[in-house]
Amino acid sequence: MKNGFILMLIGIQLISCHSKVKQEENKIIVLDSVNAKIDEKSKENVLVYEGMLPCADCTGIQTVLKIDLGNGTMEGQKFEISSVYKGKSPEKEFVEKGNFNTERGLENDPNGTIFILNWNKPTEKQMYYGYLSTDKSKIYMLDRDKKIIKSELNYSLELKK
């Protein structure tokens, strides 16, 4: 009788350990699924534009502009711009990160969007990019007056898909 009781206790312990392992495995699967959804959601909120901008003393500036729209608050709106000066020896990558703000209206398009990079810094440290409401796949580098740079050279970046 005593041996049967001991065997029963050991069996119950084994079963409970097995169910705890299963619960932990289920928690891990659920957490992985939640993290994947968060990663996918954050990718949806990031616009990535890239292209080659003109350079006065090199063959071009390979530029990647990432605009993280964040959670809709000004604190959540971040950007990262990386620039590689091609044809320079050695080629160096410059990366700048910061906050941005938006304005409506670009040129004659009242629904166009202007991104003011480093909006919370002095004017000389701010950069301006914008797209027309008819074509969000192309973003233009803007001058200090927030106007599209009129030139035969290409001052635009293409949306990466």
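Since we're looking at a predicted model, the values are computed, not measured.

**A short note on the pattern of salt bridges**
Then, number 1: Enumeration according to the criterion identifies six salt bridges in this entry.
Then, number 2: In this structure, Glu91 and Lys86 form a salt bridge, with 3.5 Å as the shortest nitrogen-oxygen distance.
Then, number 3: Look at Glu91 and you get partly exposed, because its relative accessible area is 43%.
Then, number 4: The class of Lys86 is partly exposed, set by a relative accessible area of 27%.
Then, number 5: Measuring nitrogen to oxygen at the nearest pair gives 3.5 Å for the salt bridge that ties Glu107 to Lys150.

**Describing the environment of Ile139**
Then, number 1: Turning to its location among the elements, Ile139 is positioned in strand E7 (residues 135-141).
Then, number 2: Under the relative-accessibility criterion, Ile139 is labelled buried at 0%.
Then, number 3: On a C-alpha basis, the gap between Ile139 and Glu158 in space is 6.5 Å, while along the polypeptide they are 19 residues apart.

**Brief notes about the pairing of strand E8 (residues 156-159)**
Then, number 1: Here strand E1 (residues 46-53) pairs with E8 via two bridges, running antiparallel. Looking across to E8, one finds that Glu50 is bridged to Glu158.

**Quick look at the nonpolar core**
Then, number 1: Membership of the largest hydrophobic core comes to 17 residues, with the highest contact counts inside it found for Leu65, Tyr129 and Ile139.
Then, number 2: Those elements giving two or more residues to this core turn out to be E1, strand E2 (60-68), strand E3 (78-86), strand E5 (109-117) and strand E6 (127-132).
Then, number 3: Excluding residues that lie within four positions of it along the chain, Ile139 makes contacts with Tyr49, Leu65, Ile67, Phe115, Tyr129, Gly130, Tyr131, Tyr155, Ser156 and Leu157.
Then, number 4: Listed in part, the six residues of the second largest apolar core include Leu106, Ile114, Ile116 and Tyr128.

**Quick look at the environment of Asp68**
Then, number 1: Structurally, Asp68 is set in strand E2.
Then, number 2: Residue class for Asp68 comes out partly exposed when judged on its relative accessible area of 29%.
Then, number 3: For the pair formed by Asp68 and Asn45, sequence separation is 23 residues and the distance between their alpha carbons is 5.8 Å.
Then, number 4: Not counting the four nearest positions on each side in its chain, Asp68 is found in contact with Asn45, Val46, Gly76, Gln77, Lys78 and Phe100.
Then, number 5: Among the polar contacts made by the side chain of Asp68, one reaches the main-chain amide nitrogen of Gly70 at a distance of 2.9 Å.

**A look at unusual backbone geometry**
When glycine is set aside, most residues are seen to have a negative phi, and most peptide bonds are trans.
Then, number 1: Omega for the peptide link from Ser89 to Pro90 comes to -5°, which places this bond in the cis form.
Then, number 2: Within the element layout of this structure, Pro90 appears in the loop between E3 and strand E4 (93-106).
Then, number 3: Unusually for a residue other than glycine, Glu107 sits at a positive phi of about 55°.
Then, number 4: Structurally, the position occupied by Glu107 is in the loop between E4 and E5.
Then, number 5: Judged by its relative accessible area of 33%, Glu107 is partly exposed.
Then, number 6: Despite not being glycine, Lys146 shows a phi value in the positive range, around 60°.
Then, number 7: Residue placement: Lys146 occurs in the loop between E7 and E8.

**Thoughts on the side chain of Gln77**
Then, number 1: Checked against the element boundaries, Gln77 lands in the loop between E2 and E3.
Then, number 2: According to the relative accessible area criterion, Gln77 is buried, its value standing at 13%.

**Examining the state of the cysteines**
Then, number 1: Scanning the entire structure with this criterion turns up one disulfide.
Then, number 2: Bridging Cys55 to Cys58, the disulfide has an S-S length of 2.1 Å. For the disulfide bridge between Cys55 and Cys58, the dihedral angle about the S-S bond is near 125°, and by the sign convention the bridge is right-handed.
Then, number 3: Here Cys58 falls in the buried class, since its relative accessible area comes to 14%.

Cut-offs used in this document
- Residues numbered from 1 in each chain as written.
- Predicted model: local features only at pLDDT ≥ 70, side-chain atom pairs only at ≥ 80, totals over all residues.
- Heavy atoms only, no water.
- Salt bridge = Lys/Arg side-chain N within 4 Å of Asp/Glu carboxyl O.
- Buried < 20%, exposed > 50% of the residue type's maximum accessible area, 1.4 Å probe, protein only.
- Helix = DSSP H or I, 4+ residues; strand = E, 2+ residues; numbered from the N terminus.
- Pairing = 2+ DSSP bridges.
- Core = buried A, V, L, I, M, F, W, Y, C linked by side-chain atoms within 4.5 Å.
- Contact = heavy atoms within 4.5 Å.
- Polar contact = N/O pair within 3.5 Å; in protein donor to acceptor, adjacent residues only side chain to side chain.
- Disulfide = S-S within 2.5 Å.

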